[in-house]
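Reading the structure
Single-letter residue listing:
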Amino acid sequence: MLSYRHAFHAGNHADMLKHFTLFLVLEYFNRKDKPYWYIDTHSGAGLYDLGGSEAQKVGEYRQGIARLNQAQNLPPELAAFTGRLKSILPQENLYCGSPWLAQALTRENDKLRLFELHPADFQHLQNNMREARLGRRGIIGQSDGYQGLIALLPPPARRAAVLIDPPYEEKQDYQRVVHTLKDALKRFEQGCYMVWYPCLSREDSRKLPEELKKLAPDNFLQAELHVRTPSSDGFGMHGSSMFVINPPYLLAEQLKSSLPVLTDILAQDQGARFVLDYQIQ
Ligand code: SAM
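Overview of the structure. (Residues numbered from 1 in each chain as written. Predicted model: local features only at pLDDT ≥ 70, side-chain atom pairs only at ≥ 80, totals over all residues. Heavy atoms only, no water.)

1. Quick notes on the site of the ligand
Neighbouring residues of the ligand: 20 residues in total, closest His19, His42, Glu116, Asp144 and Asp165. Interatomic distance of 2.8 Å between a side-chain N/O atom of His19 and an oxygen atom of the ligand. Ser98 places a side-chain nitrogen or oxygen 2.9 Å from a nitrogen atom of the ligand. Protein burial of the ligand: of its 600 Å² of free accessible surface, 96% is covered by the chains. Of the residues in the shell around the ligand, the class split is 4 nonpolar, 11 polar and 5 charged. (Near = heavy atom within 4 Å. Polar contact = N/O pair within 3.5 Å; in protein donor to acceptor, adjacent residues only side chain to side chain. Areas by Shrake-Rupley, 256 points an atom, 1.4 Å probe, with all protein chains shown as cover. Nonpolar A, V, L, I, M, F, W, Y, C, P; charged D, E, K, R; others polar.)

Below, the structure is given as structure tokens:
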């Protein structure tokens, strides 16, 4: 069942944490000349119209990118991120998805492998990536991203940044993330794997970070950003997280200085807070 459409959520607080972390990781990868692969297991449509009916329905971007764009005196990494977003978006009313951001940050010799199952979003992704002139650097598959990732490992370049960003509308996503990563690490231990997950009151969401830590106890980074107090009825997403296996060594320091500011900018009530936990060998 594919009911999730990212167009309703594009540019929200979760996209800010996810895309900021992705930006920092790819900028780090770009410090070395050696080419790498970017693999996006759950790509979405690539580019979103914030003026369109889906984004306007709840207007989640108003609590996300709109706030970040208005913020003053940002720390250097956040200022670099917002500056980069402005330079890569063709119009002010558009917001990028992870594939659009990644195609803009990667270099001529880097390769992109993008997966998206939803037929309509796959079509949008193809059109948007054509617009971005992705060309022969990229391959887009309308297939399962978990299986697609495993089939690509290890990548010929022996350097890869992977984003795993499922909708978690189905319970199985929690287990599939863990099983896929277990398999991926067997095939390509040194890959940098970024997993996005929602912070919800339900048990599988609360347990996921502990499961992920067991996969790479000595080499992980967990950045959670809670925008509000969990609701008393237990419903809704009060925050989200990026969990990175084999994080670039600068990432912890960069997030230490920028996460408190990002949390203040995105806070919806007094319960806003962040968690930054890491082990880096
Ligand atoms: N990564 C995107 C971004 O940051 O802009 C957003 C992705 S959205 C949260 C999740 C996407 O995964 C949806 O577009 C959905 O159709 C797609 N999807 C769901 N299950 C999938 C699967 N097994 N393989 C590939 N794509 C899937």
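2. Details of the sheet that holds strand β9 (residues 239-245)
Sheet strands pair via backbone hydrogen bonds, and the direction of the pair is either parallel or antiparallel. The strand order across the open sheet built from 8 strands is β5-β4-β1-β6-β7-β9-β8-β10, with neighbouring strands paired in mixed fashion. At either margin of the open sheet sits one strand with a lone partner, and together these are β5 (138-141) and β10 (273-280). Direction aside, neighbouring strands of the sheet carry axes that sit 10° apart on average. Each of β4 (111-115) and β5 is contacted by helix α6 (residues 119-131), which is oriented at about 165° to β5, the strand it contacts most. Sitting on the sheet, helix α7 (residues 145-152) is in contact with β1 (37-40), β4 and β6 (160-164), with an inclination near 150° to β4. (Pairing = 2+ DSSP bridges. Helix = DSSP H or I, 4+ residues; strand = E, 2+ residues; numbered from the N terminus. Axes fitted to C-alpha atoms, helices over the stretch in contact; angles between N-to-C directions. Contact = heavy atoms within 4.5 Å.)

3. Describing the side chain of Ser258
Examined against the element boundaries, Ser258 turns out to sit in helix α10 (residues 251-266). By relative accessible area, which is 0% here, Ser258 ends up buried. Within the local environment of Ser258, its side chain forms a polar contact with the backbone oxygen of Gln254, the two atoms lying 2.5 Å apart. Excluding its chain neighbours within four sequence positions, the residues that come into contact with Ser258 are Phe20, Pro75 and Leu78. (Buried < 20%, exposed > 50% of the residue type's maximum accessible area, 1.4 Å probe, protein only.)

4. Things to note about the layout of surface pockets
In this model, the second largest pocket occupies a volume close to 260 Å³. Lining of the second largest pocket is provided by 14 residues; of these, Ala7, Leu47, Tyr48, Asp49 and His124 occupy positions nearest its centre. For the lining of the second largest pocket, the class distribution of residues is 6 nonpolar, 4 polar and 4 charged. (1 Å grid on protein atoms, 1.4 Å probe; cavity = no way out; pocket = protein on both sides within 12 Å on 5 of 7 lines; lining within 4 Å. Points joined across faces, edges and corners; volume = space filled by probe spheres on them.)

5. Focus: unusual backbone geometry
In this structure, Pro154 follows Leu153 across a cis peptide bond, with omega equal to 0°. Mapping Pro154 onto the fold places it in the loop between α7 and β6. Even without being glycine, Tyr168 reaches a positive phi, approximately 55°. Within the element layout of this structure, Tyr168 appears in the loop between β6 and α8 (172-187). With phi around 60°, Asn246 is a residue other than glycine that occupies positive phi space. Classification of Asn246 by relative accessible area gives buried; the value is 17%.

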